[in-house]
Amino acid sequence: MGAAFLSSWPWDNLGAYKYVLYAPLVGKAVAGRAWERASPDHWLLLLLVFFGVRALTYQLWSSFSNMLFATRRRRIVRDGVDFGQIDREWDWDNFLILQVHMAAAAFYAFPSLRHLPLWDARGLAVVALLHVAATEPLFYAAHRAFHRGHLFSCYHSQHHSAKVPQPFTAGFATPLEQLVLGALMAVPLAAACAAGHGSVALAFAYVLGFDNLRAMGHCNVEVFPGGLFQSLPVLKYLIYTPTYHTIHHTKEDANFCLFMPLFDLIGGTLDAQSWEMQKKTSAGVDEVPEFVFLAHVVDVMQSLHVPFVLRTFASTPFSVQPFLLPMWPFAFLVMLMMWAWSKTFVISCYRLRGRLHQMWAVPRYGFHYFLPFAKDGINNQIELAILRADKMGAKVVSLAALNKNEALNGGGTLFVNKHPGLRVRVVHGNTLTAAVILNEIPQGTTEVFMTGATSKLGRAIALYLCRKKVRVMMMTLSTERFQKIQREATPEHQQYLVQVTKYRSAQHCKTWIVGKWLSPREQRWAPPGTHFHQFVVPPIIGFRRDCTYGKLAAMRLPKDVQGLGACEYSLERGVVHACHAGGVVHFLEGYTHHEVGAIDVDRIDVVWEAALRHGLRPV
């Protein structure tokens, strides 16, 4: 049986190429030199700019909705937005393509619209009257109709498939629904123009006001203070709130109005708990995370890879895209402001086994960690975040790559020693990181070459491998540090740890474990077919086409994770860095010890088995 009429967009299969549908209008504007005031096609440029502003309106509301650091206390539905919902709403802006062509058709059908005055105050009264007398009641009736039988199952159920209302959800509907909505939105403007009181400013103000109210109603954040409706009770029936509309999404049998609850009151569909719930939500409730992953920003471009900047972009593995380049100056300015004033803040969340997990970001970028004068400031930020998590009642704080740097804070020992009474467990996650790297090495390997061999991770990997009688060529110029690690091995295994000082020593070894940056020249010493296993941050650049390059150690979260909608840096969906996964295992196992400082080699297999037992999987 085929799909219902107008239940899907005709350009669904075009993907990003759907924007070619703007080409006829853009081409006409360019050919007619629409940027010139005297051009007969000047109206077309205004129309295109107008629809660009409309798209920006929804994007700004989406950014606001996903600013958990500012909005988490007043969120209505507490769950995160998962990848499934993001994918379904990916083409939320289809309605703008439809409506820009509807508007263009109106301009061609009625040429007088091209010569509207800039402003006519009398039109405002006409639009207000027709909105209340026509658009609101007609929408209410149509909306209730779309909640019945065939119309709901074939059309409106798509809009209600979103578990967490978002500004983009407002645009996520079928063509039939958007045609109806577009026509109802046009009624007041058409009446004003027919009465001779239409104007450009009126059209901009009404449609943008319409868009802002639609986006606000779906933003999942209560923006109205509860006391407002107690002071002015009549407002309860003149303007809806995000809480009011979210009740419609959760119950589906109440609160059908467009923007004015008055029509729900008249129709008998006003949920009696709407205003009590609005008051409660506006007061704010802060959920306590039981697990916190304390991340940091890698660089200016990667700072754009967060849900409150571009939700859809953050839901895919990070890569530098051309559309990011114009945003770089703004992102750089934000970096300077964060450096000067910002504190650690929440960027995203998910739930695992019903427990809230949050990602917090230290407002420092990768290069800050290599500035000697920035060390104390970074440690202060990390310390304050740990103390905040401890005060909130979190169980585990896991430190991301540079936040646990040995030279910075001894892998977290600085904070544990300074605050011996910490209830929250500080975890560097390196035990699982070592386990992931070790389990990547093929069975039967007899020899490996390692850079960064005397680091915390390098030491643990080398000692583990020598127990397995794997020869480890440890690249280091420090004989003292090498011998210190070698003495930790049992006498019968010490022979498997070998100090090397030149890369040419590994010219016949095809298994390289990289814990220190390798230049193209240094990579040339690897024989063809070499695989580079990595635990260096940032990862090395793959210059050799005859070799393969592993990604940073990572694991896939269990299948029952809920509300996860952002990718961690360049990793694929549902995959997190091993230090993050190590903290998750620490939490799920209920370990009561801190995991800081040196890695206990005896625990590597224990932690790996625990990770697999809890449903985490290697990538």
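Where an unreviewed UniProt entry is consulted, the protein appears under the name aldehyde oxygenase (deformylating), with the organism given as Oryza barthii. If you open the UniProt record of the protein and go to Subcellular location (unreviewed entry), you find "Endoplasmic reticulum membrane". Heading Subunit (unreviewed entry) of the UniProt record for the protein holds this comment: "Homodimer."

Participant: Sorry, what's going on with the sheet that holds strand S2 (residues 345-352) here?
Facilitator: What holds strands together in a sheet is hydrogen bonding between their backbones, with the strands either parallel or antiparallel. Across the sheet, which stays open at both edges, the 5 strands sit in the order S2-S3-S1-S4-S5 with mixed pairing between neighbours. Each having just a single partner strand, S2 and strand S5 (425-427) make up the two edges of the open sheet. Mean inter-strand twist for the sheet, computed between neighbouring axes without regard to direction, equals 20°. Two strands pair when backbone bridges link them, and strand S4 (residues 396-399) and S5 are joined in this way by 3 bridges, in the parallel orientation. Residue pairing across strands places Val-396 opposite Arg-425, the latter belonging to S5. With respect to the sheet, helix H23 (residues 578-589) is in contact with strand S1 (291-296), S2, strand S3 (355-362), S4 and S5, its orientation differing from that of S4 by roughly 160°.

Participant: Looking at this structure, I do not really get the sheet that holds strand S12 (residues 554-556). What am I missing?
Facilitator: Strand order in the open sheet formed by 3 strands is S13-S12-S14, with antiparallel pairing between adjacent strands. On the outer flanks of this sheet lie strand S13 (575-577) and strand S14 (617-618), each paired with one strand and no other. In terms of strand pairing, S12 meets S13 through 3 bridges, oriented antiparallel. Paired with Met-555 across the two strands is Val-576, which belongs to S13.

Participant: So what exactly am I meant to see when it comes to the pattern of salt bridges here?
Facilitator: Opposite charge on two side chains allows them to pair when their charged atoms are near. Following the criterion strictly, the structure yields 24 salt bridges and no others. Overlapping salt bridges bring together Lys-18, Asp-91 and Asp-93 as one network.

Participant: Mind showing me how you'd approach the packing of aromatic side chains here?
Facilitator: Between two aromatic rings, the relevant description is the distance of the centres plus the angle of the planes. With the rule as written, the count across this model stands at 31 aromatic pairs. Each ring, one from Trp-512 and one from Phe-532, has its centre 5.5 Å from the other, and the planes form 70°; the classification is edge-to-face. Placement of Trp-512 in strand S9 (residues 511-514) and of Phe-532 in strand S10 (residues 531-534) is noted, with a sequence separation of 20 residues between them. Judged by its relative accessible area of 0%, Phe-532 falls in the buried class. Pairwise contacts between aromatic rings join Phe-449, Tyr-503, Trp-512, Phe-532 and Tyr-549 into one cluster.

Participant: What am I meant to see in the nonpolar core here?
Facilitator: For soluble globular proteins, the rule of thumb is that nonpolar side chains tend to be buried together. Core analysis: the biggest nonpolar cluster contains 78 residues, and Leu-432, Ile-461, Leu-465, Leu-497, Ile-513 and Ile-604 have the highest contact counts within it. With 8 residues, the single largest contributor to this core is helix H20 (residues 456-467). Taken together, domain 2 (289-312 + 320-426 + 574-616) and domain 3 (430-549) each give at least three residues to this core, which thus spans both. When neighbours within four sequence positions are excluded, Ile-513 is seen to be in contact with Ile-437, Ile-441, Val-448, Phe-449, Met-450, Thr-451, Ile-461, Leu-465, His-533 and Phe-535.

Participant: Looking at this structure, how should I read the pairing of strand S7 (residues 471-475)?
Facilitator: The side chains of a regular strand alternate, first on one face of the sheet and then on the other. In terms of residue burial, S7 counts as a mostly covered element, since 4 of its 5 residues are buried. Relative to S7, strand S6 (residues 447-451) runs parallel, the two sharing 4 bridges. Along S7, the bridge assignment pairs Phe-449 with Met-473. Note: S7 against strand S8 (residues 497-500), 4 bridges, orientation parallel. Across the sheet, the residue bridging to Met-474 is Gln-499, located in S8. With helix H21 (residues 479-488) bridging S7 and its parallel neighbour S8, the resulting β-α-β unit is right-handed.

Participant: Quick question: what am I supposed to make of unusual backbone geometry here?
Facilitator: Excluding glycine, most residues fall at negative phi; most peptide bonds, likewise, are trans. Positive phi values are uncommon outside glycine, yet Arg-353 reaches one of about 55°. Here Arg-353 shows up in the loop between S2 and S3. Positioned with a positive phi, Tyr-569 is a non-glycine residue whose angle comes to about 55°. Judged by relative accessible area, which is 17%, Tyr-569 ranks as buried.

Participant: Can you help me understand the domain arrangement of the protein in this one?
Facilitator: It is common to give the size of an interface as the accessible area lost on bringing the parts into contact. Split by domain assignment, the protein resolves into domain 1 (10-281), domain 2 (289-312 + 320-426 + 574-616) and domain 3 (430-549). Measuring from the centre of the C-alpha atoms in domain 2 to the corresponding centre in domain 3 gives 26 Å. Every contact between the two is made by 22 residues of domain 2 and, on the other side, 17 residues of domain 3. Buried area between domain 2 and domain 3, both sides added, is near 1,800 Å², and the carbon and sulfur share of it is 67%. Remark: the boundary between domain 2 and domain 3 carries 2 salt bridges. The residue Asp-602 makes a salt bridge to Arg-467 at a minimum N-O spacing of 2.8 Å. For the side of domain 2 that touches domain 3, the elements supplying multiple residues, two or more each, are H23 and helix H24 (604-613). Grouping the constituent residues of the side of domain 2 that touches domain 3 by class yields 12 nonpolar, 4 polar and 6 charged.

Participant: For this particular structure, what's the right way to read a nonpolar patch on the surface?
Facilitator: A cluster of nonpolar residues, Trp-328, Phe-332, Leu-333, Leu-336, Met-337 and Trp-341, forms a patch on the protein surface that exposes about 620 Å² of accessible area. Take Met-337: it is sitting in helix H15 (residues 328-341). Given a relative accessible area of 40%, Met-337 falls into the partly exposed group.

Participant: Explain helix H8 (residues 175-194) to me, please; I cannot follow it from the model alone.
Facilitator: In an α-helix, one turn spans 3.6 residues; hence positions three or four apart end up facing the same way. With 20 residues, H8 should reach 28 Å at 1.5 Å per residue; the first-to-last C-alpha distance of 27 Å fits that figure. Residue Val-187 marks the point of greatest curvature in H8, where the axis turns by about 35°; the proline Pro-188 follows within four residues. Those residues of H8 not exposed but buried are Pro-175, Glu-177, Gln-178, Leu-181, Gly-182, Leu-184, Met-185, Pro-188, Leu-189 and Ala-192. Contacts from the buried residues of H8 go to helix H2 (42-65), helix H5 (94-109), helix H6 (122-145), helix H7 (149-156) and helix H9 (200-217).

Rules and cut-offs
- Residues numbered from 1 in each chain as written.
- Predicted model: local features only at pLDDT ≥ 70, side-chain atom pairs only at ≥ 80, totals over all residues.
- Heavy atoms only, no water.
- UniProt positions renumbered as here; feature names shortened; annotations may be inferred.
- Pairing = 2+ DSSP bridges.
- Helix = DSSP H or I, 4+ residues; strand = E, 2+ residues; numbered from the N terminus.
- Axes fitted to C-alpha atoms, helices over the stretch in contact; angles between N-to-C directions.
- Contact = heavy atoms within 4.5 Å.
- Salt bridge = Lys/Arg side-chain N within 4 Å of Asp/Glu carboxyl O.
- Phe/Tyr/Trp six-rings, centres within 6.5 Å; stacked < 30°, edge-to-face > 60°.
- Buried < 20%, exposed > 50% of the residue type's maximum accessible area, 1.4 Å probe, protein only.
- Core = buried A, V, L, I, M, F, W, Y, C linked by side-chain atoms within 4.5 Å.
- Domains from an automatic or database assignment.
- Right-handed = clockwise from strand over helix to strand, strands pointing away.
- Buried area = accessible area lost by both parts, 1.4 Å probe.
- Nonpolar A, V, L, I, M, F, W, Y, C, P; charged D, E, K, R; others polar.
- Patch = residues over 30% accessible without salt bridge, like charges linked within 9 Å, V, L, I, M, F, W, Y side chains within 5 Å.
- Areas by Shrake-Rupley, 256 points an atom, 1.4 Å probe, with all protein chains shown as cover.
- Expected span 1.5 Å × (residues − 1).
- Bend = angle between axes of the 7 residues up to and from the residue.

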